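What the coordinates show
Here is what each chain is made of, one letter per residue.
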Amino acid sequence: LLGDRRRTIRALELQYDADPTEYSVVEWLAKLNEAEERWPDVLKYLTVLAEVEGNDDELSAMNLRLAEIAEYKLGDGHKAFEILAAAAREGDERALDAARQVAARSALHKEYATLLDERAQKTHGARRSELLLELSTIAEGSLRDKRRALDAAAKAVVAAPSSDAA
């Protein structure tokens, strides 16, 4: 049975349907679907595993992998950005950095600016100032919104008046 991946996948899918909390089955489904290059299914099963991952570092790595599959295997930069944005909203700095890169490649400047604004609202001090300055740069450059750029820059100075970034 293991020699025939597709038949094995079908059998495991039946097990998954019967008990979606059997995570060893989900892991096998992700691996076997990846071997078959069935990327939508890989994304589905890795997402299930990410939802139950308790280790922050492992979850961060999983989210980066999910975004990579969405962007490069499915050609969906918007989906990749959404995966990363959700993780970044929870404080994942690696996801925020990757979201910046995906946003640049996929012309999602407005969405990235919104993410920066959301993160800045939950952050304090020098880090808040850095996020707001980045928002200011995007607002002025990519979005051509001078009012938003000025507002973000002013908030950056208020957030960390003695910061070198501000």
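Here we summarise the structure given alongside this text. Since the model is a prediction, treat every value here as computed from it, not as a measurement.

1. Some words on the packing of aromatic side chains
- Applying the stated criterion across every chain yields a total of one aromatic pair.
- Look at Tyr 16 and Tyr 45: their rings are 5.3 Å apart centre to centre, the planes differ by 90 degrees, and that puts the pair in the edge-to-face class. Taken as a pair, Tyr 16 in helix α1 (residues 5–18) and Tyr 45 in helix α3 (residues 39–52) lie far apart in primary sequence, 29 residues in all. Take Tyr 16 and Tyr 45: they sit in the same class, and that class is buried.
- Between the NZ or CZ atom of Lys 31 and the centre of the ring of Trp 28, over which it lies, the distance is 5.4 Å.

2. Quick look at the environment of Glu 53
- Secondary-structure assignment places Glu 53 in the loop between α3 and α4 (56–73).
- Ignoring anything within four residues of it in the chain, the contact list for Glu 53 reads Glu 58, Leu 59 and Met 62.

3. Points about the nonpolar core
- Grouped together as the largest cluster of nonpolar side chains are 46 residues, with contacts concentrated most on Phe 81, Tyr 112 and Leu 115.
- Apart from residues no more than four positions distant in its own chain, Phe 81 is found in contact with Ala 99, Val 102, Ala 103, Leu 108, Glu 111, Tyr 112 and Leu 115.

4. With respect to the pattern of salt bridges
- Taken as a whole, this structure holds 15 salt bridges when the rule is applied.
- A salt bridge links Arg 100 to Glu 134; the nearest nitrogen and oxygen atoms lie 2.6 Å apart. Of this pair, Arg 100 sits in helix α6 (residues 93–106) while Glu 134 sits in helix α8 (residues 125–141), and the two are 34 residues apart along the sequence.
- What makes Arg 100 partly exposed here is its relative accessible area of 28%.
- Under the relative-accessibility criterion, Glu 134 is labelled buried at 18%.

5. Some remarks on unusual backbone geometry
- Even without glycine at this site, Glu 37 takes up a positive phi of about 60 degrees.
- Among the secondary structure elements, Glu 37 is positioned in the loop between α2 (23–35) and α3.
- You will see that Arg 144, though not glycine, has its phi angle at about 55 degrees, which is positive.
- Counting through the fold element by element, Arg 144 comes out in the loop between α8 and α9 (146–159).
- Judged by relative accessible area, which is 68%, Arg 144 ranks as exposed.

6. Details of the packing of α2 against α3
- Between α2 and α3, whose axes approach to 8 Å, the crossing angle comes to 150 degrees. Compared by their axis directions, α2 and α3 come out roughly antiparallel. For the pair α2 and α3, the sense of crossing is left-handed. Contacts between α2 and α3 involve Tyr 23, Val 26, Glu 27, Leu 29, Ala 30, Asn 33 and Glu 34 from the former and Trp 39, Asp 41, Val 42, Tyr 45, Leu 46, Val 48, Leu 49 and Val 52 from the latter.
- Split into classes, the residues belonging to the contact of α2 with α3 amount to 11 nonpolar, one polar and three charged.

About the thresholds
- Residues numbered from 1 in each chain as written.
- Predicted model: local features only at pLDDT ≥ 70, side-chain atom pairs only at ≥ 80, totals over all residues.
- Heavy atoms only, no water.
- Phe/Tyr/Trp six-rings, centres within 6.5 Å; stacked < 30°, edge-to-face > 60°.
- Helix = DSSP H or I, 4+ residues; strand = E, 2+ residues; numbered from the N terminus.
- Buried < 20%, exposed > 50% of the residue type's maximum accessible area, 1.4 Å probe, protein only.
- Lys NZ or Arg CZ within 6 Å of the ring centre and 35° of its normal.
- Contact = heavy atoms within 4.5 Å.
- Core = buried A, V, L, I, M, F, W, Y, C linked by side-chain atoms within 4.5 Å.
- Salt bridge = Lys/Arg side-chain N within 4 Å of Asp/Glu carboxyl O.
- Axes fitted to C-alpha atoms, helices over the stretch in contact; angles between N-to-C directions.
- Parallel < 35°, antiparallel > 145°, perpendicular 65-115°, else oblique.
- Left-handed = near helix turned anticlockwise from the far one by under 90°.
- Nonpolar A, V, L, I, M, F, W, Y, C, P; charged D, E, K, R; others polar.

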